Amino acid sequence: MHLYLIRHGIAAAPEEYDTDSERPLTKEGASKTRKIAQRLYQLEIQFDLILTSPLLRAQQTAQILQTVGLSSQIEESATLAPSGDIGKWLDWYKQWQEIGSPSLALVGHQPNLGHWAETLLWARSQDALILKKAGIIGLILPETGSPVGRSQMFWLTPPKFLLS
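Here is what the cut-offs are and how they apply
Residues numbered from 1 in each chain as written. Predicted model: local features only at pLDDT ≥ 70, side-chain atom pairs only at ≥ 80, totals over all residues. Heavy atoms only, no water. Buried < 20%, exposed > 50% of the residue type's maximum accessible area, 1.4 Å probe, protein only. Helix = DSSP H or I, 4+ residues; strand = E, 2+ residues; numbered from the N terminus. Pairing = 2+ DSSP bridges. Right-handed = clockwise from strand over helix to strand, strands pointing away. Axes fitted to C-alpha atoms, helices over the stretch in contact; angles between N-to-C directions. Contact = heavy atoms within 4.5 Å. Salt bridge = Lys/Arg side-chain N within 4 Å of Asp/Glu carboxyl O. Polar contact = N/O pair within 3.5 Å; in protein donor to acceptor, adjacent residues only side chain to side chain. Phe/Tyr/Trp six-rings, centres within 6.5 Å; stacked < 30°, edge-to-face > 60°.

Undergrad: Before we go on, may I ask you to explain the pairing of strand S2 (residues 49–52) in this structure?
TA: Put simply, side chains in a regular strand alternate between the two faces of the sheet. Residues of S2 alternate between two faces, with Leu49 and Leu51 on one and Ile50 and Thr52 on the opposite face, all of them buried. Here four bridges tie S2 to strand S4 (residues 103–108), and the two strands are oriented parallel to one another. Residue pairing across strands places Leu49 opposite Leu104, the latter belonging to S4. For S2 and strand S3 (residues 74–76), the ladder comprises three bridges, and the chain directions are parallel. Among the inter-strand pairings, Thr52 is bridged to a residue of S3, identified as Glu76. Of the crossover connections in this fold, the one passing from S2 over helix H2 (residues 56–68) to the parallel S3 is right-handed.

Here you go:
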């Protein structure tokens, strides 16, 4: 299965909002995210499902991906919030894996997505993978069993390479 870890686009400054969860994408963030989504569409990338953090900026990023035509389905998952737990996501994934769908996108936050990728690749987080805003990490997860330490990276793309 192909798993795409996508960080939300550029968001408003934290001091402008009462809570972190209310921070929206900026106009620049929405525009760049839309261009990246259009480029992914041109590359014929499709997601069977986009799973998103409940925070506004991640939801807006997921909606842009959907609007461009990358997926018809979006679901919210608390596991993708900044305080999210990969163990809980792995429990969800085990059920998803039984469906046999080939492509899933997770829209969330840094450092979580970088840590999750490291866990799936090397079975431990090393603070080595840094995902830029609207950047993407692509992983191939094994068809059976736990993906922890058994996944392969096929894509690590900063947004600037998709904007050109």
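Undergrad: Sorry, what's going on with the sheet that holds S2 here?
TA: Within a beta sheet, neighbouring strands are joined by backbone hydrogen bonds and run either parallel or antiparallel to one another. Strand order in the open sheet made by the six strands is S3-S2-S4-S1-S5-S6, with mixed pairing throughout. The outermost strands of the open sheet, each flanked by one partner alone, are S3 and strand S6 (152–157). Across the sheet, the axes of successive neighbouring strands diverge by a mean angle of 20°, strand direction being ignored. Sheet topology places strand S5 (residues 136–140) next to S6; five bridges connect them, and they run antiparallel. Paired with Ile136 across the strands is Thr157, a residue of S6. With respect to the sheet, helix H3 (residues 86–99) is in contact with strand S1 (2–7), S2 and S4, its orientation differing from that of S4 by roughly 160°.

Undergrad: Whenever I open this one, the pattern of salt bridges confuses me. Can you help?
TA: Pairs can form between side chains of opposite charge once their charged atoms are near each other. As enumerated under the stated definition, the model contains three salt bridges in all. With a closest N to O distance of 3.0 Å, Arg57 and Asp20 form a salt bridge. With Arg57 in helix H2 and Asp20 in the loop between S1 and helix H1 (27–42), this pair connects stretches of sequence that are 37 residues apart. Here Glu28 ties to Lys32 by a salt bridge, and the two come within 3.1 Å at their closest N and O atoms. Here Glu28 and its partner Lys32 are both found in helix H1, four residues apart, which amounts to about one turn of the helix. According to the relative accessible area criterion, Glu28 is partly exposed, its value standing at 44%. Lys32 gets classed as partly exposed once you look at its relative accessible area, which sits at 33%. What emerges from the salt-bridge pattern is a single network uniting Asp20, Arg23 and Arg57.

Undergrad: Would you mind showing me how to read the side chain of Ser77 here?
TA: Tracing the chain through its elements places Ser77 in the loop between S3 and H3. A distance of 2.6 Å separates a polar atom in the side chain of Ser77 from a polar atom in the side chain of Thr79. Excluding residues within four positions of it along the chain, Ser77 makes contact with Leu51, Thr52, Ser53 and Pro54.

Undergrad: What should I look at first to understand the packing of aromatic side chains in this one?
TA: Within a pair of aromatic rings, the relevant descriptors are the distance that separates the centres and the angle that separates the planes. The full count for this structure, using the stated rule, is eight aromatic pairs. Here the aromatic rings of Tyr4 and Trp155 are separated by 6.1 Å at their centres, their planes lie at 85°, and the arrangement is edge-to-face. With Tyr4 in strand S1 and Trp155 in strand S6, this residue pair connects regions lying 151 residues apart in the sequence. The buried category is assigned to Trp155, whose relative accessible area is 19%.

The analysis is restricted to geometry; functional conclusions fall outside its scope.
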